[in-house]
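# Per-entry structural report
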Amino acid sequence: MGYIEKIQSMLQNGEISCVELTEKYLKAIEEANGELNAYVTVTPEVALEQAKQVDEKIKRGEKLLPLEGVPMTLKDNISTNGIETTCCSKILKGYKPIYDAKVWAILKKNNAILLGKTNMDEFAMGSSCETSCFGGATNPFNTDHVAGGSSGGVASAVGGDIAVFGLGSDTGGSIRQPASFCGIVGLKPTYGAVSRYGLVAYASSLDQIGPITKTVEDASLVYDVISEYDENDSTCEGRQGEPTYDTLNNDIKGMKIGIAREYLEGVREDVKEAVLEAARKYEEMGAEIVYFDLPALKFALPVYYILACAEASSNLGRYDGIRYGYKTEHYEGIHDMICKTRSEGFGEEVKRRILLGTYVLSAGYYDAYYKKAQNLRGTIIKAFDDAFKNVDVILAPTVPMTAFKSGEATSDPVETYLTDICTVPINIAGLPSVSVPCGFNKNGMPIGMQIIGDKFKEGKILNVAYKYEQACPENFKDTKWGVKL
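Residues numbered from 1 in each chain as written. Predicted model: local features only at pLDDT ≥ 70, side-chain atom pairs only at ≥ 80, totals over all residues. Heavy atoms only, no water.

### Quick look at the overall build of the protein
For clarity, the threshold we go by: A helix here means a DSSP run of H or I that spans at least four residues, while a strand means a run of E at least two residues long, and both kinds are numbered starting from the N terminus. Exposed residues in this analysis have more than 50% of their type's maximum accessible area, buried residues have under 20%, and partly exposed residues fall in between, with area computed by a 1.4 Å probe over protein chains only. Here the open area of atoms and residues is found with the Shrake-Rupley method and a 1.4 Å probe, where only the protein chains shown may cover a residue. Residues scored as positive are Lys and Arg, those scored as negative are Asp and Glu, and His as well as the terminal groups of each chain are ignored. For this purpose, a charge sits on NZ of Lys, CZ of Arg, CG of Asp or CD of Glu.
A tally of regular secondary structure across the protein gives 16 helices and 13 strands. Dimensions along the principal axes, computed over C-alpha positions, put the protein at roughly 65 × 55 × 45 Å. The buried share of the protein, taken over its 485 residues, is 61%. Accessible surface, the protein as shown: approximately 18,300 Å² in total, 49% of it carbon and sulfur. Taken together, the 51 basic and 65 acidic charged side chains of the protein have centroids lying 2 Å from each other.

### Focus: empty space enclosed by the protein
Threshold: In this analysis the probe radius is 1.4 Å and the grid spacing 1 Å, with only protein atoms considered; a cavity is a set of points the probe fits into but cannot get out of, a pocket is an open set with protein on both sides within 12 Å along at least five of seven lines, and lining residues have an atom within 4 Å of a point. Grid points are joined across faces, edges and corners, and a volume is the space filled by probe spheres set on the points. Under the scheme applied here, ten amino acids are nonpolar (Ala, Val, Leu, Ile, Met, Phe, Trp, Tyr, Cys and Pro), four are charged (Asp, Glu, Lys and Arg), and all others, including Gly, are polar.
This model, assessed by the stated rule, comprises one cavity of 30 Å³ or more. Gly 126, Gly 172, Ser 174, Tyr 304 and Asp 420 are, among the 14 residues lining the largest cavity, the residues nearest its centre. Tallied by class, residues from the lining of the largest cavity come to five nonpolar, seven polar and two charged.

### Describing the pattern of salt bridges
Filter applied, for reference: Each salt bridge in this description consists of a side-chain nitrogen of Lys or Arg and a carboxyl oxygen of Asp or Glu lying within 4 Å of one another.
The final tally for this structure, using the stated rule, is 23 salt bridges. Asp 320 is the salt-bridge partner of Arg 323, the closest N and O atoms lying 2.8 Å from each other. Arg 323 sits in the exposed class, given a relative accessible area of 56%. With its nearest N and O atoms 2.7 Å apart, the salt bridge here joins Glu 349 to Arg 353. Highlighted residues: Glu 349 and Arg 353, both in helix H11 (residues 348-361), separated by four residues, approximately one helical turn. Pair check on accessibility: Glu 349 and Arg 353 agree, each one buried.

### Considering unusual backbone geometry
A cis amide bond links Gly 149 to the next residue, Ser 150, at an omega of 5 degrees. Tracing the sequence through the fold places Ser 150 in the loop between strand S5 (142-146) and helix H5 (152-159). With a phi angle near 55 degrees, Asn 111 is a residue other than glycine that sits in the positive phi range. As for its placement among the helices and strands, Asn 111 is situated in the loop between helix H4 (102-109) and strand S3 (113-118). Judged by its relative accessible area of 12%, Asn 111 falls in the buried class. Located in the positive-phi region is Asp 161, a residue other than glycine, with phi close to 55 degrees. Following the sequence through the fold, Asp 161 ends up in the loop between H5 and strand S6 (165-169).

### Remarks on the packing of aromatic side chains
The condition that has to hold: Ring pairs shown here join Phe, Tyr and Trp side chains whose ring centres sit within 6.5 Å, with only the six-membered ring taken for Trp; geometry is labelled stacked below 30 degrees between planes, edge-to-face above 60, and tilted in between. Cation placement over rings: the criterion is NZ of Lys or CZ of Arg within 6 Å of the ring centroid and within 35° of the ring normal.
Applying the stated criterion across every chain, the model contains 13 aromatic pairs. When the ring of Phe 181 is compared with that of Phe 404, the centres are 5.5 Å apart and the planes differ by 85 degrees; the resulting orientation is edge-to-face. Of this pair, Phe 181 sits in helix H6 (residues 176-181) while Phe 404 sits in the loop between strand S11 (393-397) and helix H13 (408-411); the two residues are 223 residues apart in sequence, bridging distant segments of the chain. Like Phe 181, the residue Phe 404 is buried in the burial classification. Ring pairs connect the aromatic residues Phe 123, Tyr 319 and Phe 346, which therefore count as one cluster. For the cation-ring pair, Lys 477 lies above Phe 440, with the distance from its terminal atom to the ring centre recorded as 4.3 Å.

### A look at the UniProt feature "active site" (unreviewed entry) in the protein
The condition that has to hold: UniProt positions are given in the numbering used here, feature names are shortened, and annotations may be inferred rather than shown by experiment. Here a residue-residue contact requires only that any non-hydrogen atoms of the pair lie within 4.5 Å. We call two N or O atoms a polar contact when they sit within 3.5 Å, provided that within protein one can donate a hydrogen and the other can accept it, with sequence-adjacent residues counted only if both atoms are side-chain atoms.
Under the present numbering, the feature "active site" (unreviewed entry) in UniProt falls on Lys 75, Ser 150 and Ser 174. Taken along the chain, the residues just named run across 100 residues; in space they keep tight, none of their C-alpha pairs more than 10.8 Å apart. Here, the largest cavity is lined by Ser 174 out of the annotated residues. When sequence neighbours within four positions are dropped, the list of residues in contact with Ser 150 reads Lys 75, Asn 119, Met 120, Asp 121, Ala 124, Met 125, Gly 126, Cys 129, Ser 169 and Ser 174. Mapping Ser 174 onto the fold places it in the loop between S6 and H6. Looking at Ser 174, the relative accessible area reads 6%, which means it is buried. Beyond its immediate sequence surroundings of up to four residues, Ser 174 is in contact with Lys 75, Ala 124, Gly 149, Ser 150, Ser 151 and Ser 169. At a separation of 2.9 Å, a polar atom in the side chain of Ser 174 contacts the side chain of Ser 150.

Encoded structure:
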């Protein structure tokens, strides 16, 4: 049984009231957040008011909706009406949206309990959560290590049991990488399966919202609720087919699980061994492991950084001190004001990516970089299309390594970019992928693997992940933090 189902059973059976449960989580946040730094805003008034409504509904004998009464959190780039949404950037400090993101509107309608907003790399640009203006979230397995990025706060909160689930955003691995580092489950849905309306944009053709949870069953439940068609997002199609929860635990005997040899190159030995051990488990369950070549993967990292930075340079043009957040105090004229506001308001990593993006879009370099990257994007998409003609899902490491120590990422940005090498191809191709824990290194830090599917095959990849979770529960460990149910 997943945590969500367990909580709802406790609420319905009267073992605990929703207000009592919410107070437990708020107390746990108070005790743990000093070290984990997962939350940047805590919303006790909102949470307790929602909890009261759930208790009244239970008293009336009404059945709870799928996520009703479950304490959760949102990444700080998901708009919440009247609640500060900063993207963990100085330039948006104090900004309170005047509307709800579609995903939050859905969860609010379902009476999910919002505990607060969680930490992230500034504007989702980073792989360690350390570019946040609030300082980075830490790893619940060892607080000397990073929680990962950019949705590090959500992963730290869920891994540390100070939220049952959370929503993050994934532009190049920002859900799966922190889920892998924190030993939990992270689902990046198909591009267009979940509405991006109200998500503060980083790179619009790559961004996707998805759940971070402790179990595959919970990820499935959350995904089924939030994958609703939205007319306010022209790229949103909603979930295609039946709810994924209904297909969990289907037999995988005879299923073809592909492993691209290129995915295992340059990966640390302990990570590679854990992924291959998982492949052996699948073979024991009756699946067939198929090794194949995917040479287009070598283009993925440069293509991603050209496209993502180009889109970021355009999307972040709106932060000029006139309409949003921070504005410099001393200036001479409008140009000086905008220049100083952006120089003072953005952090170093964001400025680096805006400059890179502006460069590849500039006259004279557009054809050489941006246009070429777009062409190669088509090559990568076709390579995955061809692969799924021969295999049902693809198994790969989520990250080539385990969580690194705090401070290591900020000292070498290029080395940090390389940690995205396994995750970015999925965003480029718009595919779904779920990261699940598959072991631990000699220092006790979690190792993650990802199961990649064809477009809108979330049900299939979650089923494959669920079968592994049932076969290897020892890889899904609790930490010392938070609420124990």
